[in-house]
Structure formats: C-alpha cells, structure tokens
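What follows is the residue order along each chain.
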Amino acid sequence: MNSVDFLVIGSGIAGLSFALKARKYGKVCIITKDTAEETSTRYAQGGIAAVTYDPDTYEKHIKDTMVAGCELSDPEIVRITITESTERVKDLIQWGVDFDKTKSGKYDLAKEGGHSEFRVLHHKDETGLEIQQKLYRQAKEDSQIEILEKYYAVELITQHHLGVIVTKHSTDIHCHGAYVYNPHTQKVEPVLAKCTIVATGGIGNVYGNTTNPPISTGDGIAMVHRAKGLVRGMEFVQFHPTALYHPTERPAFLITEALRGAGARLKLLNGNEFMGKYDSRGSLAPRDIVARAIDNEMKISGDDHVFLDARHLDKVIFFNHFPNIYSKCLSVGIDATKDMIPVVPAAHYSCGGIYVNQWGATTIENLYALGECSSTGLHGANRLASNSLLESLVFSHRACIDATKKLNTTSFQEGIPNWDAEGTVSNEEMVLITQSVKELQSIMSNYVGIVRSDLRLQRAFDRLNILHRETEALYQRSVVTKQICELRNMVGTAYLIIREAMKRKESLGLHYSTDYPPK
Ligand code: FAD
Ligand code: SIN
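Report follows, based on the coordinates. (Residues numbered from 1 in each chain as written. Chains lettered and ligands numbered in written order. Predicted model: local features only at pLDDT ≥ 70, side-chain atom pairs only at ≥ 80, totals over all residues. Heavy atoms only, no water.)

### What to know about the pattern of salt bridges
Thinking step 1. Scanning the entire structure with this criterion turns up 32 salt bridges.
Thinking step 2. For Asp335, the salt bridge identified is with Lys338, shortest N-O distance 3.5 Å.
Thinking step 3. Exposure remark for Asp335: the relative accessible area of 13% places this residue in the buried category.
Thinking step 4. For Lys338, a relative accessible area of 60% corresponds to the exposed category. (Salt bridge = Lys/Arg side-chain N within 4 Å of Asp/Glu carboxyl O. Buried < 20%, exposed > 50% of the residue type's maximum accessible area, 1.4 Å probe, protein only.)

Put into structure tokens, the structure is as follows:
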C-alpha cells in the first residue's frame, strides 16, 4: 500500500467509526502501532453518555457538560455533540454493540460524577471492550477497509517534505499522507493519502501512574505540532480519582466512577468519609474536585491511597454490573463485597489536543483529528465523565461528511521523497531510552500533576529541556524504532502540557496552581 483515499492512524473508536462511515466513499487503510484491539477504547468501563429517556433532556446534559468544563467549553460544540448523541448511539447499536437493559427492556442507564441524571449506556463494566470488538469485527470483514497492525506513523507529510518552508504562521499547509514504519520491510515508507485522519488517542504514559495502555504516548499530538498544526488546551490533563492502588501494575486498573454512581463512597484509611468537606456532591462531584481532594487528603495523612467502600451495595447489582472490577480486585486479594478497595488518582485523559473545527478538520488541509488526540472544545477545563466515547463518534461522523466532499477534487501529491535514513545507526543501548522515559514520567508526576505551582512548572520546563536536547540528538543519529519515536513524542507532548500550563495564570478546572489566585 503506498496510496489510499483515507489513511486512518489509529484503531480505537475514533479511527474505526470513521472508517466504517468513509468506506462508502473510497478505500480506507487503518494503521495501528500495536494489535488493532489494543487501544484505550478497549479499557473504557463506565460507558457512553447520551440522552435516552425522560426525565433527561439535551439541555440537562449540555448544562452538566458546561459546568464540569468550568464554562470553558465551546457552547456551540457542546450543543452539537449532545444533540447528535442519540443518533450516534444508534450507529453503535447498528454496528452490533449491545448495551445492558433492565428487566423491562429499557436501557439500564448509569450515573457518574457531574451528571445530574442517569444517562450512561454501558455493557456491564466492559463497555469499551464491547465497542472495540464489535467495530473491529465490522471493519475486518469489510473489503473496502484494510487494517495494518504494528505499522507506526512517524511523521505527517506536508509541503515541508518538498522543500517548502512551513512555519506555524503558514496558512496553507497541506497534508499528503504520512511516513509509516513498515514492520515487514523494517523501513519507513511514504503512504500518500487524499485525506489523513489522526486518531492516535491519549497521552497518559507521559505520567508515572496512568490508566492508559502503553500505546497512549501522544504520537498524533506531537506529530501535528511538528507539522505546524495548532494544538491547544494541553494543560487540562484529567486524573481519574479512583485507580486501583497496586503499585507494581502499569497501567493502573480503573475502578469506574459508575461504582460511585451506584453508591460506593470514598473514605480515609481510618474509615471516615471526607468528600463532604470539599463539595456538596460528595463522592460524585466532578473529577477534578474529587482527584484534588484525594490528593490533598493523602498529603495531609501521608497515606499512599484512600479507600472506596462498596461493601454496602446490593450484591446482585454489584455482580451483574461490575463483574470485571469484582474479579480484578479478587485477583489481588480484595473481595470488594467485604473489603474496601484501595484507590489513588491516575493520569487518565487529555482534554486538550489537536485543534479541530466542528467538522473535525485541523488547521492543516486534508488532515482531520478525531477522538482523544483532538480538541473539539467539548471538554473545556475538565471533561464530564463518559463524554469522550461520544465525542469520538460525533466528530467521526462529521469529519466523514466534510472529507468526502473534497475527495474528488483532491489528487495524490507527486514528488514526495523517500524517507532519508542516511547516516543513522542502530541504537545498541535501550537504557538511553528507558531511563529518559522514567525521568520524564517522574518530572511530570512530581511537578505537573494534580497540583502545580509556577516554581514546579519552571523546574519541569528546565529539566525537560535537557531531555529534549538528548532525545533529539539520539533520534537524529538512530535508525527509526517505535521506542525512540515514542520517547520523542512523549517529550514533545510534555513540552506542550508545560508550555500551556505556564501560560495559564489562574487555577481553572484540571489546571490547579497553588499560586493562583494570589494570596
Ligand atoms: P484509542 O482508543 O486510544 O486508540 C488509539 C489508536 O491509535 C490505537 O490503535 C493506537 O495503536 C494508535 N496509534 C497511536 N499512535 C500511533 C502511531 N504513531 N502509529 C500508528 N498507530 C498509532 N471514556 C468514556 O467516554 N467512557 C468511559 O467509560 C471511559 N472509560 C475509560 C477507562 C479507561 C481505563 C481509559 C484509559 C479511558 C476511558 N475513557 C472513557 C476514555 C476513552 O476510552 C478514550 O478517550 C477513547 O477510547 C479514545 O479513543 P481513540 O479512538 O481516540 O483512541
Ligand atoms: C469511568 O468509568 O469512570 C471512566 C469514565 C470516563 O473516563 O469517561
């Protein structure tokens, strides 16, 4: 494959749902750097927020999204997303996704932090797995869609590769596809596309403790930034309040917020509840508030975790709705019906990302960004729980409408050079990469985590500069590997998070600084 109508980078909900729509209009090639099913999507537990029945309304869901986002969300984008939610959920059902129902045959809706109504459609506590499997199956069986596993997108191709100077001020940057590492030839090859879709997911691995799988290394965000596309809102990194405390495990196993929605409560190690001190919504306050409260309580007590107490929940409901959590806890010696579950916050979701308009289009022509790597304006300063699977679906649908309009008038770019690997050598010392990853994660967790300050951010920035210089030098002299590219992308992503955090001279939503407001 060296040219294709639609090149989709990523096989999570964003990439797959785009492909399943675009297939009617042209050939689609999905590349994915791991197996096609290893995505963040697969691990989603709680479900997908959408307005289904009375007494819920679009207006209520819109309000909850705006409040969670600290009114920084784009009201037009919020309205689009929420009012299109019902149709997009129907797409999922049509692709075979099975959401749990009650005995009466109605969908069993769950509640999560910041939601004023029960509105989260779910498949037990494994909603993501259900979505990933059903969408992947549809795509795999489709002759218009090719899926290439273990192919790694290294760079986007723009006129920069034809020798034209491109800067962040250029207004006419065009994307012509991507340079992709082919595991069979072990070479980086140009893949030309009329339309390129970045659907590369999140950034969690920039931090020491994360719920994200290893694939979430900010590749798409860093690539678009290098190609001079606009990236924004990166200071708003969401920490999930309740990841299972099990220090040797990476990624951290999530304990879904839906468990708090079902009545589980946060407690200190002495058994006292504490959320009432921080917010009248208690354990079900929006995530930024709950994560910060836990962080604060852990700092006061010196404890390594707090507890989530689900012992009082109805056992039948627990086993039916949360079988995955029950068995995971049991596997580490915790019977969640008898023992409290030790939990800590963990880096979970990037609310910022590649700027896109209401059609999923980036600031680069013929380049779209979908899913977690994008910044549509939906989440503002803090994402409302279970709004991200929804966002992926809404904007994949919209991007398909926009992209297909341009397909017939776009041709494959000629003259794109082969990848220049001259002078590069194999990197014999993996420690040069692994140690830098550890340093990066430590800098980000300690200085750019849930609570920040000007001094911490400056320290992080200075230390990152050293890592940046070393990583660029290593990248320039090394034969391309996934490991060196991921390190480079994580350093690039961390730079964007710190840069945006340093610019924001206030505490807002997920960006909380002890320096603001000034005392
Ligand atoms: P992903 O599903 O992460 O897919 C990214 C794809 O890009 C992968 O195929 C990856 O291999 C590929 N890729 C990345 N870089 C490259 C590269 N350089 N070259 C080639 N391929 C590349 N959201 C909700 O709305 N509800 C929930 O209940 C929920 N629960 C969650 C639970 C967990 C544990 C986690 C981690 C997240 C949860 N989220 C939830 C968030 C949500 O799952 C993600 O935001 C969403 O699935 C992201 O989908 P995506 O398609 O953008 O990216
Ligand atoms: C969860 O199930 O708590 C995660 C939901 C989300 O991240 O949207």
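### A word on the site of ligand 2
Thinking step 1. In the vicinity of ligand 2, the residues found are Gln45, Gly46, Glu112, His240, Leu254, Thr256, Glu257, Arg287, His348, Arg383, Ala385 and Ser386.
Thinking step 2. In the model, an oxygen atom of ligand 2 is placed 2.5 Å from a nitrogen or oxygen of the Thr256 side chain.
Thinking step 3. One of the backbone N or O atoms of Glu257 is found 2.7 Å from an oxygen atom in ligand 2.
Thinking step 4. Looking at the shell around ligand 2 residue by residue, the class counts come to 2 nonpolar, 6 polar and 4 charged. (Near = heavy atom within 4 Å. Polar contact = N/O pair within 3.5 Å; in protein donor to acceptor, adjacent residues only side chain to side chain. Nonpolar A, V, L, I, M, F, W, Y, C, P; charged D, E, K, R; others polar.)

### Here's the deal with helix α11 (residues 388-407)
Thinking step 1. Helix length check: α11 (20 residues) gives 28 Å between terminal C-alpha atoms against 28 Å at 1.5 Å per residue, within 8%.
Thinking step 2. Of all 20 residues that make up α11, 17 are buried, and the element is covered over most of its length. (Helix = DSSP H or I, 4+ residues; strand = E, 2+ residues; numbered from the N terminus. Expected span 1.5 Å × (residues − 1).)

### Section: the packing of aromatic side chains
For any two aromatic rings, the description comes down to two numbers: the centre-to-centre distance and the angle of the planes.
Thinking step 1. Here the structure, examined in full by the defined rule, presents 10 aromatic pairs.
Thinking step 2. Ring geometry for Phe6 and Phe18: centres 5.7 Å apart, planes at 70°, overall edge-to-face. Separated by 12 residues along the polypeptide, Phe6 in strand β1 (residues 3-9) and Phe18 in helix α1 (residues 13-22) bring together distant segments of the chain.
Thinking step 3. On the accessibility criterion, Phe6 (0% relative accessible area) is buried.
Thinking step 4. Phe18 sits in the buried class, given a relative accessible area of 0%. (Phe/Tyr/Trp six-rings, centres within 6.5 Å; stacked < 30°, edge-to-face > 60°.)

### Topic: the pairing of strand β7 (residues 177-182)
Thinking step 1. The buried count for β7 comes to 5 of 6 residues, which makes it a mostly enclosed element.
Thinking step 2. With antiparallel pairing between neighbouring strands as the criterion, β7 and strand β8 (residues 187-198) make up a hairpin whose turn holds 4 residues, including Gln186 at a positive phi of roughly 55°. (Pairing = 2+ DSSP bridges.)

### Some words on the site of ligand 1
Thinking step 1. Around ligand 1, the surrounding shell holds 38 residues, and the nearest of these are Thr41, Gly47, Asp219, Glu372 and Ser388.
Thinking step 2. Asp219 places a polar side-chain atom, nitrogen or oxygen, 2.9 Å from a nitrogen atom of ligand 1.
Thinking step 3. The contact in question runs from an oxygen atom of ligand 1 to an N or O atom on the side chain of Glu372, over 2.6 Å.
Thinking step 4. Of all the secondary structure elements, the ones that give two or more residues to the shell around ligand 1 are α1, β2 (28-32), β6 (152-157), β13 (341-350) and α11.

### Structural notes on the sheet that holds strand β9 (residues 231-232)
Thinking step 1. Pairing in this open sheet of 3 strands is mixed, and the strands run β9-β14-β16 from one edge to the other. Of all strands in the sheet, those with a lone pairing partner are β9 and β16 (374-375), marking the two edges.
Thinking step 2. Note: β9 against strand β14 (residues 353-355), 2 bridges, orientation antiparallel. Residue Arg232 lies in a different strand from β14, and its bridge partner there is Gly353.

### Some details on the side chain of Asn205
Thinking step 1. Mapped onto the fold, Asn205 is located in the loop between β8 and α6 (219-226).
Thinking step 2. Residue classification places Asn205 among the buried residues on the basis of a relative accessible area of 7%.
Thinking step 3. At a separation of 2.8 Å, a polar atom in the side chain of Asn205 contacts the main-chain carbonyl oxygen of Pro213.
Thinking step 4. Non-local contacts of Asn205, meaning those with residues more than four positions away in its chain, are made with Thr210, Asn212, Pro213, Pro214, Ile215, Ser216, Thr217, Arg250, Gln441 and Met490. (Contact = heavy atoms within 4.5 Å.)

Honestly, that's just the spatial picture; any functional story needs more than this.
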